[in-house]
Amino acid sequence: MTIHEKFMRRCLELAQNGLGTTYPNPLVGSVIVHEGKIIGEGWHRKAGEPHAEVNAINSVKDTALLEKSAIYVNLEPCSHFGKTPPCCDLIISKKIPEIIIGITDPHSKVAGEGIRRLQEAGKKVTIGVLEKDCSDINKRFFTFHNKKRPYIILKWAETPDGFIAPKTKSEIKPVWITNETSRQLVHKWRSEEHAILIGTQTAVDDNPTLTTRDWAGKNPVRIVIDRHNRIPKENHIFDNQAETILISGTEIDFNENCAAQIAEYLYKRNIQSVIIEGGRKTLQTFIDAGFWDEARIFKGKIPFGDGVKAPDILGTISETHSISGDELLMLTNNDQHNYF
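Computed from a predicted structure; not experimentally measured. Throughout, a residue's number is its position along its own chain's written sequence, starting from 1. Predicted model: local features are reported for residues with pLDDT of at least 70 only, side-chain atom pairs are reported and counted for 80 or more only, and whole-chain, interface and lining totals are derived from all residues. To obtain the side-chain values, all non-hydrogen atoms of the structure were included, while hydrogens and water were left out.

J.: A description of the UniProt feature "binding site: Zn(2+)" (unreviewed entry) in the protein chain should follow, citing residues and the corresponding values.
T.: UniProt positions are given in the numbering used here, feature names are shortened, and annotations may be inferred rather than shown by experiment. Following the UniProt record, one finds the feature "binding site: Zn(2+)" (unreviewed entry) at H51, C78 and C87. Taken along the chain, the residues just named run across 37 residues; in space they keep tight, none of their C-alpha pairs more than 9.0 Å apart. Under the scheme used here, helices are H or I runs from DSSP no shorter than 4 residues and strands are E runs no shorter than 2 residues, and both carry numbers assigned from the N terminus. With respect to the helices and strands, H51 occurs in the loop between β2 (37-43) and α2 (52-58). Position of C87 among the secondary structure elements: in helix α3 (residues 87-93). Note on C87: relative accessible area 1%, which makes it buried. In this analysis, two residues are considered to be in contact whenever any of their non-hydrogen atoms come within 4.5 Å of each other. Once residues lying within four places of it in the same chain are set aside, the contact partners of C87 are H51, E53, V54, P77 and C78. Between buried and exposed lies partly exposed: a residue is buried under 20% and exposed over 50% of the maximum accessible area for its type, with that area taken using a 1.4 Å probe on protein chains only.

J.: An account of helix α7 (residues 180-192) is requested, with residue identities and associated values reported.
T.: To estimate the expected span of a helix, subtract one from its residue number and multiply by 1.5 Å. Between the first and last C-alpha of α7 there are 19 Å, a value that for 13 residues agrees with the 18 Å anticipated at 1.5 Å per step. All of the buried residues along α7 are S182, R183, V186, H187, W189, R190, S191 and E192. In this structure N179 caps α7, since a side-chain oxygen of it lies 3.0 Å from the backbone nitrogen of T181. Polar contacts, as counted here, are pairs of nitrogen or oxygen atoms within 3.5 Å of one another; within protein the pair requires one atom able to donate a hydrogen and one able to accept it, and residues that are adjacent in sequence qualify only if both atoms are side-chain atoms.

J.: Pulling in residues and values, what's your account of the nonpolar core?
T.: Residues grouped as a nonpolar core are buried Ala, Val, Leu, Ile, Met, Phe, Trp, Tyr and Cys residues, joined through side-chain atoms within 4.5 Å. By size, the foremost hydrophobic cluster in this structure holds 40 residues, and its most contacted members are M8, V31, I32, I57, I71, Y72 and I91. Residue contributions to this core peak at six residues, all from helix α1 (residues 3-15). Each residue touching I71, except ones within four places of it in the same chain, is listed here: S30, V31, I32, E53, I57, I91, I96, E98, I99 and I100.

J.: Describe the side chain of T211, listing the residues and the values that go with them.
T.: In this fold, T211 is placed in the loop between α8 (200-206) and β9 (221-225). One polar contact links T211 to T209, side chain to side chain, over a distance of 3.2 Å. Here T211 is in contact with H187, R190, N219, R222 and Q241, once residues within four sequence places are set aside.

J.: Please provide a residue-by-residue account of the sheet that holds strand β6 (residues 151-158), values included.
T.: Any two strands between which DSSP finds at least two bridges are classified as paired. Strand order in the open sheet formed by eight strands is β10-β9-β8-β11-β6-β12-β15-β14, with mixed pairing between adjacent strands. Of all strands in the sheet, those bounded by a partner on one side alone are β10 (244-247) and β14 (316-323). Between one strand axis and the next, the sheet turns by 20 degrees as a mean value, whatever way the strands run. With four bridges joining them, strand β8 (residues 195-198) and β9 adopt parallel strand pairing. Here an axis means a line fitted to C-alpha atoms, over the contact stretch when the element is a helix, while the angle between two N-to-C directions is reported on a 0 to 180 degree scale.

J.: Before we move on, can you summarise the packing of aromatic side chains with the specific residues and values?
T.: Two rings belonging to Phe, Tyr or Trp (six-membered ring only in the last case) form a pair when the distance between their centres is within 6.5 Å. Interplanar angles under 30 degrees mark stacking, angles over 60 mark edge-to-face geometry, and anything in between is tilted. Following the criterion strictly, the structure yields four aromatic pairs and no others. We count a charge as sitting over a ring when the NZ of a lysine or the CZ of an arginine lies within 6 Å of the ring centre and within 35 degrees of the ring normal. The side chain of R183 reaches across the aromatic face of W176, ending 4.3 Å from its centre. Taking NZ or CZ as reference, K309 lies 5.8 Å from the ring centre of F163, over its face.

J.: Break down the environment of E13 for me, citing the residues and quoting the values.
T.: With respect to the element layout, E13 can be found in helix α1. By relative accessible area, E13 is classed as partly exposed at 44%. Sequence-wise, E13 and G29 are 16 residues apart; in three dimensions their C-alpha atoms are separated by 7.4 Å.

J.: Give a description of the sheet that holds strand β3 (residues 70-75) that names residues and reports values.
T.: Pairing in this open sheet of five strands is mixed, and the strands run β2-β1-β3-β4-β5 from one edge to the other. The sheet terminates laterally at β2 and β5 (124-127), the two strands that pair on one side only. Within this sheet the neighbouring strands show an average axis-to-axis angle of 15 degrees, counted without direction. When strand β4 (residues 98-103) meets β5, the two strands line up parallel, connected through four bridges. Paired with I99 across the two strands is V125, which belongs to β5.

J.: So what's going on with the environment of E53? Residues and values would help.
T.: Mapped onto the elements, E53 comes out in helix α2. Along the chain, E53 and C88 lie 35 residues apart, while their C-alpha atoms are 8.9 Å from each other. Apart from the residues lying within four places of it in its own chain, the contact partners of E53 are V28, S30, I71, V73, L75, P77, C78, C87 and I91.

J.: Could you give me a rundown of unusual backbone geometry, with the residues and numbers involved?
T.: A cis amide bond links Y23 to the next residue, P24, at an omega of 5 degrees. Tracing the sequence through the fold places P24 in the loop between α1 and β1 (29-34). In this structure, L130 is a non-glycine residue whose phi angle is positive, near 50 degrees. Structurally, L130 can be placed in the loop between β5 and α5 (131-137). Despite not being glycine, N207 shows a phi value in the positive range, around 45 degrees. Its place among the elements puts N207 in the loop between α8 and β9.

Here you go:
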């Protein structure tokens, strides 16, 4: 591991702290190094608040050292005025002579402009340190800006004999396939993503809250498909615990490619990532259209013998985990693994 990679790795560790709280902004960490030692560090915590570079600079006790230091950041410093001033201007004004950048920013308002301004100011700029890791941590941000759609995660639980629901409806709702530990992990995932989506039948049958009630974190935006406005107005999705967006025949044409239209509609609503937790029909719609990036599939221990079959999916298994006896498979879409 090179010295640049060592400090970029620390940037990535810091950036990860912002997962779930920075939307629509990316995950960014920054460290300031003087004579081989970190003298300042920070990360972007929330949209509208100071960026990682600002927090790192502000954390330096002896500011006289800035003129003899290097600043590391996993994503190109911004060059435009948004809710906060441009970070590249701050770096220039503090006379930091060297900037090491993990990867360029795909946002149309940046896209190399921050690098250009730093270079024109006479700074030594190094680009492309741990580039793959830097793109992976911001796979949501890169997918949104480069593919003009949210990063799409499919999630379901199935029995060992391949069913996601029993054949007959139970008076006890919902019928759990996984254990409590797995269900808590799902709530953690919800806190990390921008939105969660279900179909009409899931909303009607299960009346879910789609919140992070079993995990301390921000509730995702709730996206619900309701073509014919069938969901009762007293259902949980209409409470005030989280923002809810309904997708009906007004927003999309259900006779065309629904997955592509929904992805486009969510992009226009500035939704950067979405977990799809719907039933088989909703999940299969996105699978068949190729509009998915990850699938997270739990396998419980109790068979149903019959019921609603799990979706059919082909992908590459990237990870497997045992969750208190449940099996968790993590799949990636072979056709969508590139964020560029």
